[in-house]
Amino acid sequence: MVRVTSFLLRRLAQSVVIVLLASLIVFCLLRTGPGNPARMIAGGMATEETVEKIATEMGLRSPMLVQYFIYLKKVVLHGDFGTSFVRPKSGASAVAGGRADDPTRAERARVIDLILDRLPLTLQLAMMAMAIALSVSIPIGLFAGLHAGRWPDAAALMLSSVLVSMPNFWLAGILVLVVSIQLHWLPAVGYRDVTYSILPAIVLAIEIIPVLVRSLALSLGAMMSQNFVRIGLIRGLHPSQVIYHHAMKGASVPLLNMLGVQLSALLGGVLVVEYIFDYPGLGALTIEAVLQRDFPLIQAIAMLTSAIFVVINILVDLLAGLIDPRLEY
Amino acid sequence: MPSDILLGVDNLGVAASIGGRSKVVLDNISFAVSRRETFGIIGRSGSGKSVLAKALIGWLDPALSVTGGAVSFDGVDMVGADAAQLRAIRGRRIGYVGADPTTVFDPTIPIGRQIAEKLRAVRPEVGHKEALDRVVELFETVRIPDARLRAGELPSKFSGGMIQRAAIVDAMIGGTELLIADNVTQPLDVTVAAQIIRLFQMLRNEVNTAILFISSSLPMVKNIADRLVVLEEGRVVERSTPERLAAHPETAYSQALIAQIPRIWSREMAHPAVKADAATVLSVQDVKRNYRVRNQRSLFGSVSIQAVRGVSFDVKSGESLGIVGESGCGKSTLLRLLTWLDMPDAGRISFDGVDLGKMSRNDRFHLRARLQLVLQDPYGSIPAHWTVGRIISEPLRLHRSMLASERRTRVTDTMVEVGLDPGLYSKLPVGLSAGQRQRINLARALVLEPAILLLDETLSALDQTEQTRLIALFERLQSARGITYLFISHDLAMVRRVCSRVAVMYLGKIVELVSNEMLFFAPQHPYTKALLSAAPTLEESPYARDDYLVEGEPPSPLLIPAGCSFANRCPQALPVCRQQEPPVHHLPQGGIVACHLAGEDRVT
Ligand code: SF4
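Quick caveat, the model's predicted, so the values are computed rather than measured. Residue positions are given per chain, counted from 1 along the sequence in the order it is written. Following the order in which they are written, the chains are lettered starting with A and the ligands numbered starting with 1. With the structure being a predicted model, the display of local features is reserved for residues of pLDDT at least 70 and the display and counting of side-chain atom pairs for 80 or more, all residues being used for whole-chain, interface and lining totals. Where side-chain values are given, they derive from all heavy atoms of the structure, hydrogens and water being excluded.

Novice: What am I meant to see in the overall build of chain A here?
Specialist: A helix here means a DSSP run of H or I that spans at least four residues, while a strand means a run of E at least two residues long, and both kinds are numbered starting from the N terminus. Of regular secondary structure, chain A possesses 13 helices and two strands. With respect to the three principal axes, the spread of C-alpha positions in chain A is 85 × 60 × 30 Å. Buried residues are those whose accessible area, probed at 1.4 Å on protein chains only, stays under 20% of the maximum for their type, while exposed residues exceed 50% and partly exposed ones sit between those limits. Among the 329 residues that make up chain A, the fraction classed as buried is 44%. By definition in these notes, contact holds between two residues if any of their heavy atoms fall within 4.5 Å. Partitioning the contacts of chain A with sequence separation of at least 6, the portion at a separation of at least 24 is 74%. Using a 1.4 Å probe, accessible areas were evaluated by the Shrake-Rupley method; residue-level cover was limited to the displayed protein chains. For chain A, the computed accessible surface area is about 16400 Å², with 71% contributed by carbon and sulfur atoms. Distance between charge centroids for chain A: 9 Å, based on 24 positive and 20 negative side chains. Only four residue types enter the tally: Lys and Arg on the positive side, Asp and Glu on the negative side, with His and both chain ends excluded. By convention, the point assigned to a charge is CZ for Arg, NZ for Lys, CD for Glu and CG for Asp.

Novice: Explain the domain arrangement of chain A to me, please; I cannot follow it from the model alone.
Specialist: Accessible area lost during the coming together of the parts is what is often quoted as the interface size. Residue and element names in this part refer to chain A. Throughout the structure description, domain borders are defined by an automatic or database domain assignment. Splitting chain A by domain gives domain 1 (2-113) and domain 2 (115-290). Averaged C-alpha coordinates put domain 1 and domain 2 at centres separated by 35 Å. Each side of the interface is counted separately: domain 1 has four residues, and domain 2 has six residues. Between domain 1 and domain 2, the buried area comes to about 370 Å², and carbon and sulfur atoms account for 44% of it. Every case where a carboxyl oxygen of Asp or Glu lies within 4 Å of a side-chain nitrogen of Lys or Arg is listed as a salt bridge. For the pair domain 1 and domain 2, the interface holds zero salt bridges. Polar contacts, as used here, are pairs of N or O atoms within 3.5 Å; protein pairs need one atom able to donate a hydrogen and one able to accept it. Residues neighboring in sequence count only if both atoms are side-chain atoms. Linking domain 1 to domain 2 there are six residue pairs in polar contact (both at pLDDT 80 or more). A per-class count over the side of domain 1 that touches domain 2 returns two nonpolar, no polar and two charged. Here the quantity called buried area is the accessible surface, traced with a 1.4 Å probe, that two parts lose on coming together, added over both. In the scheme used here, Gly and all other residues not listed as nonpolar or charged are polar, with Ala, Val, Leu, Ile, Met, Phe, Trp, Tyr, Cys and Pro taken as nonpolar and Asp, Glu, Lys and Arg as charged.

Novice: Looking at this structure, how should I read the packing of aromatic side chains?
Specialist: Two descriptors summarise a pair of aromatic rings, namely the distance from one centre to the other and the angle between the planes of the rings. In summary, the pairing rule links any two rings of Phe, Tyr or Trp, Trp by its six-membered ring, whose centres are within 6.5 Å, and it sorts them by plane angle into stacked for under 30 degrees, edge-to-face for over 60 and tilted for everything else. Counting across every chain of the model gives 17 aromatic pairs over all chains. Their ring planes at 75° and their centres at 5.4 Å tell us that Y543(B) and Y548(B) sit as a pair that is edge-to-face. Taking the relative accessible area as the measure of exposure, Y543(B) reaches 9% and is therefore buried. Every member of this aromatic cluster is reached through a ring pair, and the members are F27(A), Y68(A), F69(A) and Y71(A). The ring centre of F158(B) lies 4.6 Å from the NZ or CZ of R150(B), which sits over that ring. Lysine NZ or arginine CZ positioned within 6 Å of the ring centre and within 35 degrees of the ring normal marks a charge as sitting over the ring. Geometry around Y425(B) places R408(B) over its ring, the cationic atom sitting 3.9 Å from the centre.

Novice: I would appreciate a short explanation of the site of the ligand in the present structure.
Specialist: Residues are labelled near a given molecule or strand when at least one of their non-hydrogen atoms is within 4 Å of it. Neighbouring the ligand are 13 residues; C564(B), C570(B), C577(B), C595(B) and H596(B) lie closest to it. By residue class, the composition of the shell around the ligand is 10 nonpolar, three polar and no charged.

Novice: Got a minute to help me understand the pattern of salt bridges in this structure?
Specialist: Opposite charge on two side chains permits pairing when their charged atoms draw close. All names here are of chain B. Evaluated as defined, the whole model comprises 32 salt bridges over all chains. Among the salt bridges present, the one from E177 reaches R93, with a minimum N-O distance of 2.7 Å. Taken as a pair, E177 in the loop between α6 (160-172) and β7 (178-182) and R93 in the loop between α2 (83-89) and β6 (94-97) lie far apart in primary sequence, 84 residues in all. In this structure, the salt-bridge partner of E394 is R397, at a minimum N-O distance of 3.7 Å. With E394 and R397 both in helix α13 (residues 388-399) and three residues apart, this pair spans about one turn of that helix.

Novice: What am I meant to see in the sheet that holds strand β17 (residues 452-456) of chain B here?
Specialist: By way of backbone hydrogen bonds, the strands of a sheet pair with one another, either parallel or antiparallel. All names here are of chain B. Strand pairing is assigned whenever DSSP detects at least two bridges linking the two strands. In spatial order, the strands read β16-β17-β18-β13-β19-β20-β22-β21; together these eight strands make up an open sheet with mixed pairing. Taken across any chain shown, the strands that pair with only one partner, and hence form the sheet edges, are β16 (371-374) and β21 (584-586). For this sheet the average axis-to-axis angle between neighbouring strands, irrespective of direction, equals 20°. Alignment of β16 against β17, held across four bridges, turns out to be parallel. Every angle, taken between N-to-C directions, lies between 0 and 180 degrees, and every axis is a line fitted to C-alpha atoms, over only the stretch in contact when it is a helix.

Novice: Got a minute to help me understand the sheet that holds strand β8 (residues 210-215) of chain B in this structure?
Specialist: All names here are of chain B. Judged by pairing direction, the sheet is mixed, and its six strands sit side by side in the order β6-β7-β8-β3-β9-β10 without closing on themselves. With partners counted over all chains shown, the strands left at the sheet margins are β6 and β10 (235-240), one partner each. The mean angle between the axes of side-by-side strands here comes to 20°, regardless of whether they run parallel or antiparallel. Where β6 and β7 come together, four bridges link them in parallel fashion. Bridge pairing in β7 links I94 to L178. Its contacts with the sheet put α6 on β6 and β7, and the angle it makes with β6 is roughly 165°.

Take a look at the structure:
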């Protein structure tokens, strides 16, 4: 187990560096990009001095690296991601503009609460999408891969091409029209219970399915033509042993890698789909935060997503290494 | 005794259908193998012998089909058998071992577990632990060292010879009645191949299995088969016993086949002695090269592979030096160093007295024209979409400025010189034979009029007739142009025919470097003797396998033991050998040998 421990230590060290770098880049970009959060808080009517005063209070006038280290220190030592620039504690978004008499910072919502509030919804959506995608693409991909070059393979390729050419906003529109408005089977927008996750999850899943089907069909097809699989029957193994113990095992590593990539891509897809369905998850929160220049919130979301990416990657490599011990840890 | 016949093949025909047309692959094949008999099938590549092996077990490619005749295994018709009948026989009663053992096993599962899985598939009554114990037991029988440990390792950790042994265990473990061995020694080094032959001899004597031994090499079959057939273009051309075939081949084809088999000792070979005052063109002094690889077992560590561990030799102008050794001996790394694709970590290589390491890039570029490399693979090394003329003239474009017409004359002259039809100048190399391709490679190297040619296994892809022609060509070139050759090869018989001096490499060092006559008639180093004893010839070797063939394989270049690196296999190892690196002795007859036994008067 030296190998696994050493792998985990090395990868965790690497990921800390990656997450820190990513957060530093976001931090700097935010502060050099357009949009002045102090102005947004102070409101369009406030004087230049008021804006400047707010900015100094918010720490926006110190050198950038100093700002970053202060921020990082709070995060690391106290798990404190700061408070939202704009959101009051109640949770509802404070409409920008308005009061120049700035409410004390303590009354604003803590970033961590905002995120923890939304994260479960998004995770639920992502898991559901993944579950749908897997339960559709695994049978199809296996069937296609076991009959590489014959009609099931061709049919799977055709299905994938059709799915891949459907843009998600268009698909979402059609689904809402048919399933919600005409058939009244599922609710469409907002969120009240689990059923609200189903339609957006389907839209997300349909984006991934073609990729997974192709990946599985190709890698299984390639496995089936490997000598150690073909010679299995000659060695005296049962056909099911050959397929389940050897061919599928070999095909699962590329599939796993693809899953990792797709899971990461899913987090991006969530952004659009949540927006379309007005689904109150992390994606929607991100879009609002960007529109409102809510630096602490954007910053924390960026850190969280990069951490999720990194963890997914480590898990994928760890699992792949357990399946195929030849892989270099 | 008809009841004793295990496998009967009767008028078997197989055809390939390519693009709607059908081509005969096997025609009218008949033979019978009795129980406990070892039966040989000899044929060169393309004779249909591998197709025959697969036809016997119902494993033909989809493009091939049986057109007639019958294969019966203990009364079961193998041609018409359905999937269930085949399953009851393949792997259970008939075991099959092919030429490429590295692809037999799932690369992600330890070998022992896979063989145990097979045993339990064919003998469900065997328990899990029992199966694994049986595997370990058989590993010991086929002399896999540290059997229990090796059973737990992945296939990638096995060398070619070891994995072939494991594949043999896999094929036999169900208690098979017939073992089909299709070209099993083909990918192996000579000493390892000889060990596998020895293993088959043991199996033949000790296990109640009939063996069908298929090979392209009569010397391989000679030592084990009771009877054999010769296959040519899908037909049986001769039936005989190994001894009778070797002594009195009846058909013209068999006679040619026998004539092809290289001779080492029984043929006179004259090698023009190198003039004593010839200048040294290439000098290699104590050259070393290590490669670092990441160590999987520690967090940040790396380990070093010692590929070349202090090699020295001089090459005189106009001589032919051979460097022989088995896989992993460092000859490929040495070649990379000599062609400065790679730089040594220590030591120096000088050309015409000038140190390569101190040369400017420009000088080295010019030098490249004087030292040319001809590679092993006649197919991969020739661009398919260039005309032959363009391929050969390319080095001239790079290295010489001359008029197009001059260049063309130079290229066609060279083509004639190496025996290529100048009419090929504007043709593409498609459809050319291996021999013609190798001539293109040679012409490409020769247009620059090099002083030295490095030949890396250049002749090993060619058959004997073509080899003979090319060797004659090399000799002509040498006397006409005074070219110096450096042959890098594993093929002792080829080296015997062309080289004036031969260096034997083992694990990154030269263990013996002597004249041709000395090497083949009075070798000093035990490893040289082992190589000679393993050489596949029909002659009575002066170095009998029982006395000189070594067991085991070289230690890993990662963990080279102290003392002599051959000590773990050497039949004559002394206690001192495991502590002290043997010094290099200069022999009175000329040449060097690195062994504790040499130098003193201990004649062996
Ligand atoms: S030095 Fe010793 S171990 Fe090495 S080859 Fe000579 S006798 Fe054998």
